[in-house]
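Chain residues, written in single-letter form:
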Amino acid sequence: MSVSLPDHPRPLCFPNTVLLEDDFSVDDFVGSCKRRVSIDTLRSDLESYFKTLKNSMVELINHDYADFLKLSSNLIGVDNAISDLLTPLGQLREELLSLKLSLNTAIRSMEGRLVHRAELREKKSLLNNLLSVTESVAMLERLLRLHEPTLTVDPSRSEEFSGLVQDRIGSEFSRLQYLMSLSNRHPVIKSLEPRIRSIEKVMESNLEKMFVASVIDGGDPDKLSKCLRTYASISKQQIAEELFSKKVVLPYMEEVFTIQNFTANDQDISMLYAEVLCFIPSHCHLLLCAINDIHHVRSSQQGYDFLVNAVFPEVVRVVETRLSTIFAPGNPELFYKVKQRLELHVTTLLSLTELQEDY
């Protein structure tokens, strides 16, 4: 708040505002005035202005004195009024504290009930999962006819079993795997493990027979597609690739890669690798077409790569075991010659793979 000083009736030898400056100095003030007027004139002006200030102060006190007295008279009885308010305010404070305590108790009780409710909901969900697992196991056992006196299916009904029921078996087993993942360590799941292993064993046996029959024996594209789709639905693509490698690729490669069919000249090496390349269109065409159909119908059923996981490893293994002489360190020319031919035919193999993917 700014402070102002009263003006003097006549001009002074100094401005009154200089007295309010923060860095006011008496010595500087007197020195500045002595340059303009005499010391007697300065003293006369200061005495005159002092009287002006004194009169202004008296007038200010007289102006506010009546209000001051009125204020003091208005405060009479305020102490009693405050004392009268202390009792109801204290009661109100106690009531608010009691209400706060009751609310905190109710909140803790509600939180405890909510926690109990969440636990019950979790137990209910676990119970439903266990019931679903039990029902799924029973369903698979009925579909696989595990309760019959023998697991051998009637030959006259084998087509019905493999065609109409196989997809349902695959989807139900996939559902069972998901339900088991929700409660994998529960004792009920552990008690069902022997039955589940039996189901899985029978499923793999039936799928193996179906796969071999569709790839080797009959060459049924529809049956092969159903078999591969079932393998994919239960995440067992590796089993199908191993079966193909064992039942189809290995016998063919062992027949091709023999010491009798191999000499150190370029023509024999090229003929061996040419026969490997012929294996793909002659023995893998039906299989690759079935995989392509699966990918078009259901894009999520990816994961098959028979050329990489079944064909090429067997080629490498048979070359290493049957034609180990080409790796002899004492014959570097033969090794380099085979290496060149292998790189050429591997490039061709990769081109066939890319062509199949585009197709």
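Owing to the predicted nature of the structure, the values given are computational and were not obtained by experimental measurement. (Residues numbered from 1 in each chain as written. Predicted model: local features only at pLDDT ≥ 70, side-chain atom pairs only at ≥ 80, totals over all residues. Heavy atoms only, no water.)

Asker: Can you help me understand the overall build of the chain in this one?
Answerer: When helices and strands are counted, the chain shows 11 helices and 0 strands. Counting helices and strands in the order they occur from the N terminus, the chain gives α-α-α-α-α-α-α-α-α-α-α. Sorting the 359 residues of the chain into buried and exposed places 31% on the buried side. Relative to all contacts within the chain whose residues are 6 or more apart in sequence, the contacts with residues 24 or more apart total 72%. (Helix = DSSP H or I, 4+ residues; strand = E, 2+ residues; numbered from the N terminus. Buried < 20%, exposed > 50% of the residue type's maximum accessible area, 1.4 Å probe, protein only. Contact = heavy atoms within 4.5 Å.)

Asker: Looking at this model, I keep getting lost on the packing of aromatic side chains. Mind explaining?
Answerer: For any pair of aromatic rings, the description consists of the separation of the ring centres together with the inter-plane angle of the planes. Across all of its chains, the model carries 3 aromatic pairs by this definition. Measuring from centroid to centroid gives 5.7 Å for F24 and F29, while their planes differ by 50 degrees, and the two rings are tilted. For the pair F244 and F306, a centre-to-centre distance of 5.5 Å together with 80 degrees between the ring planes defines the contact as edge-to-face. With F244 in helix α7 (residues 237-256) and F306 in helix α10 (residues 306-322), this pair connects stretches of sequence that are 62 residues apart. (Phe/Tyr/Trp six-rings, centres within 6.5 Å; stacked < 30°, edge-to-face > 60°.)

Asker: Just checking my understanding: could you explain unusual backbone geometry for this structure?
Answerer: Excluding glycine, most residues fall at negative phi; most peptide bonds, likewise, are trans. We note that S235 has phi near 60 degrees; this positive angle belongs to a residue other than glycine. The topology assignment puts S235 in the loop between α6 (221-233) and α7.

Asker: Quick question: what am I supposed to make of the environment of F29 here?
Answerer: Locating F29 in the fold gives a position in helix α1 (residues 26-34). C-alpha of F29 to C-alpha of L19: the two residues are 10 residues apart in sequence and 8.9 Å apart in space.

Asker: It is not clear to me how α7 should be interpreted in this structure. Could you clarify?
Answerer: At 3.6 residues per turn, the α-helix brings residues three or four places apart onto the same side. Between the first and last C-alpha of α7 there are 27 Å, a value that for 20 residues agrees with the 28 Å anticipated at 1.5 Å per step. Along α7, the helix axis deviates most sharply at V249, where the bend reaches about 40 degrees; the proline P251 sits within four residues downstream. When α7 is considered as a whole, its buried residues turn out to be Q237, A240, E241, L243, F244, S245, V248, V249, L250, Y252, M253 and V256. (Expected span 1.5 Å × (residues − 1). Bend = angle between axes of the 7 residues up to and from the residue.)

Asker: Would you mind going over the side chain of N129 with me for this structure?
Answerer: Tracing the sequence through the fold places N129 in helix α3 (residues 78-143). A residue is classified by how much of its surface remains accessible, and N129, at 14% relative accessible area, is buried. Leave out the neighbours within four places in its chain, and N129 touches L179, L182 and S183.

Asker: What exactly am I supposed to notice about the nonpolar core here?
Answerer: Grouped burial of nonpolar side chains is what soluble globular proteins tend to show. Judged by nonpolar contacts, the single largest core of 57 residues is most densely connected at F211, L228, F244, M253 and F306. Contributions of two or more residues to this core are made by α3, α4 (158-182), α5 (187-217), α6, α7, α8 (266-283), α9 (285-297) and α10. Among residues more than four places away in sequence, those in contact with F211 are L224, C227, L228, Y231, A240, L243, F244, L287 and F306. (Core = buried A, V, L, I, M, F, W, Y, C linked by side-chain atoms within 4.5 Å.)

Asker: Got a minute to help me understand α3 in this structure?
Answerer: In this model α3 runs 94 Å from its N-terminal to its C-terminal C-alpha over 66 residues, within 8% of the 98 Å that 1.5 Å per residue would give. Taken as a whole, α3 carries its principal kink of about 25 degrees at L86; the proline P88 stands between one and four residues after it. Along α3, the residues classified as buried are N129, L130, S132, V133, S136, V137, L140, E141 and L143. Backbone geometry just after α3 places R145 at a positive phi near 60 degrees.

Asker: Sorry if this is basic, but what is going on with the confidence of the model for the chain here?
Answerer: Caution applies to low-pLDDT regions: their predicted coordinates should not be interpreted in detail. On average, residues of the chain score 76 in pLDDT, and 77% of them are at 70 or above. Least confident of the elements in the chain is helix α11 (residues 332-358), whose mean pLDDT is 53; most confident is α3, at 90. When the criterion is pLDDT under 50, residues 150-160 qualifies, and its contacts beyond four places in sequence or with other chains add up to 10 contacts. (pLDDT = per-residue confidence, 0-100.)

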